[in-house]
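Remarks on the overall topology
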Amino acid sequence: MAFMLERGANSLTASRDTELKLEYRPTTGIEQSYEVRFSPSKSTEVPYGGYVVVTGKNGGGTSYHTRFVYVSTALQMRKVNASTLVTLKKIGGRIEVIDLQ
């Protein structure tokens, strides 16, 4: 998840687009039940702080993404046998995670 967010943030920063949807698939595949949880960022400056957790067969968590994306509010999504769409948006000179689907 964190490396996908890094690539997405870099791509969106370099483009004229204002939004980008990323498709996340757990490393062990989508044939499982899993959850994605973002805690809100703790700072308005890089690194923003916060944490992302992915549960499932090979779950884990990290704060690596805080170097690249800001999260204004807690986000959570449970999936079964499906990928998760993560929406990034340029807001006020930074890239924000604004939605999970």
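Scroll up for the structure.
Focus: the sheet that holds strand β1 (residues 19–24)
Sheet architecture is open: four strands sit in the order β1-β7-β8-β5, paired in mixed fashion. A strand with exactly one partner marks an edge of an open sheet, and here the two such strands are β1 and β5 (70–71). Of the pairings in the sheet, the one linking strand β7 (residues 84–91) to strand β8 (residues 94–100) comprises six bridges and is antiparallel in character. Its bridge partner lying in β8, Lys89 is registered against Glu96. Contacts from helix α1 (residues 2–14) reach β1, β7 and β8, with the element oriented near 40 degrees to β7.

Looking at the sheet that holds strand β3 (residues 52–54)
Sheet architecture is open: four strands sit in the order β4-β3-β2-β6, paired in antiparallel fashion. A single partner strand is all that each edge strand has here, and the edge strands are β4 (60–62) and β6 (75–80). On average, each strand axis in the sheet is inclined to that of its neighbour by 10 degrees, with strand direction left out of account. Pairing of strand β2 (residues 33–38) with β3 involves three bridges; the strand directions are antiparallel. In the strand pairing of β3, Phe38 is matched with Val52.

Structural notes on the nonpolar core
One finds Met1, Leu5, Val36, Phe38, Val86, Leu88 and Val97 to be the most contacted residues of the largest nonpolar core, which totals 21 residues. Sort the elements by how many residues they give to this core and α1 lands first, with four residues. Beyond its immediate chain neighbours, meaning those up to four positions away, Leu5 contacts Leu22, Phe38, His65, Val69, Val86, Leu88 and Val97.

Examining α1
Given a rise of 1.5 Å per residue, 13 residues ought to cover 18 Å, and the 18 Å separating the end C-alpha atoms of α1 matches this to within 8%. For α1, the complete set of buried residues consists of Ala2, Met4, Leu5, Glu6, Gly8, Ala9 and Leu12. On its buried side, α1 packs onto β1, β2, β4, β7 and β8.

Points about the layout of surface pockets
Looking at the largest pocket, its volume works out to about 340 Å³. Considering the residues around the largest pocket, the lining is formed by 21 residues, among which Met1, Ala2, Tyr24, Thr27 and Val54 are closest to the centre. Of all the elements in the fold, those that place two or more residues in the lining of the largest pocket are α1, β3 and β4. Residue contributions to the lining of the largest pocket peak at four residues, all from α1. Residue composition of the lining of the largest pocket, grouped by class: nine nonpolar, ten polar and two charged.

About the cut-offs
Each chain carries its own residue numbering, running from 1 in the direction its sequence is written. The predicted origin of the model limits local features to residues at a pLDDT of at least 70 and limits the giving and counting of side-chain atom pairs to 80 or more, whereas totals for whole chains, interfaces and linings rest on all residues. To get the side-chain values, all heavy atoms of the structure are used, and hydrogens and water are removed first. Here a strand pair is declared whenever DSSP counts at least two bridges between the two strands. By definition, any uninterrupted DSSP run of H or I lasting at least four residues is a helix, any uninterrupted run of E lasting at least two residues is a strand, and each is numbered from the N terminus. The criterion used for residue contact is that any of the two residues' heavy atoms lie within 4.5 Å. Axis lines are fitted through C-alpha atoms, for helices just across the contact stretch, and the angle between N-to-C directions can take any value from 0 to 180 degrees. Think of a nonpolar core as a cluster: buried Ala, Val, Leu, Ile, Met, Phe, Trp, Tyr and Cys residues, connected wherever their side-chain atoms sit within 4.5 Å. Relative accessible area decides the class of each residue, using a 1.4 Å probe on protein chains only: under 20% of the type maximum gives buried, over 50% gives exposed, and in between gives partly exposed. In this analysis, the expected span of each helix is defined as 1.5 Å times one less than the number of residues it contains. In this analysis a 1.4 Å probe is tested at points of a 1 Å grid over the protein atoms alone, and where it fits but cannot get out there is a cavity; an open set with protein on both sides within 12 Å along at least five of seven lines is a pocket; lining residues have an atom within 4 Å of a point. Grid points are joined across faces, edges and corners, and a volume is the space filled by probe spheres set on the points. Charged residues are taken to be Asp, Glu, Lys and Arg, nonpolar residues to be Ala, Val, Leu, Ile, Met, Phe, Trp, Tyr, Cys and Pro, and polar residues to be all remaining types, Gly included.

Function-wise, these values are silent; they only describe arrangement.
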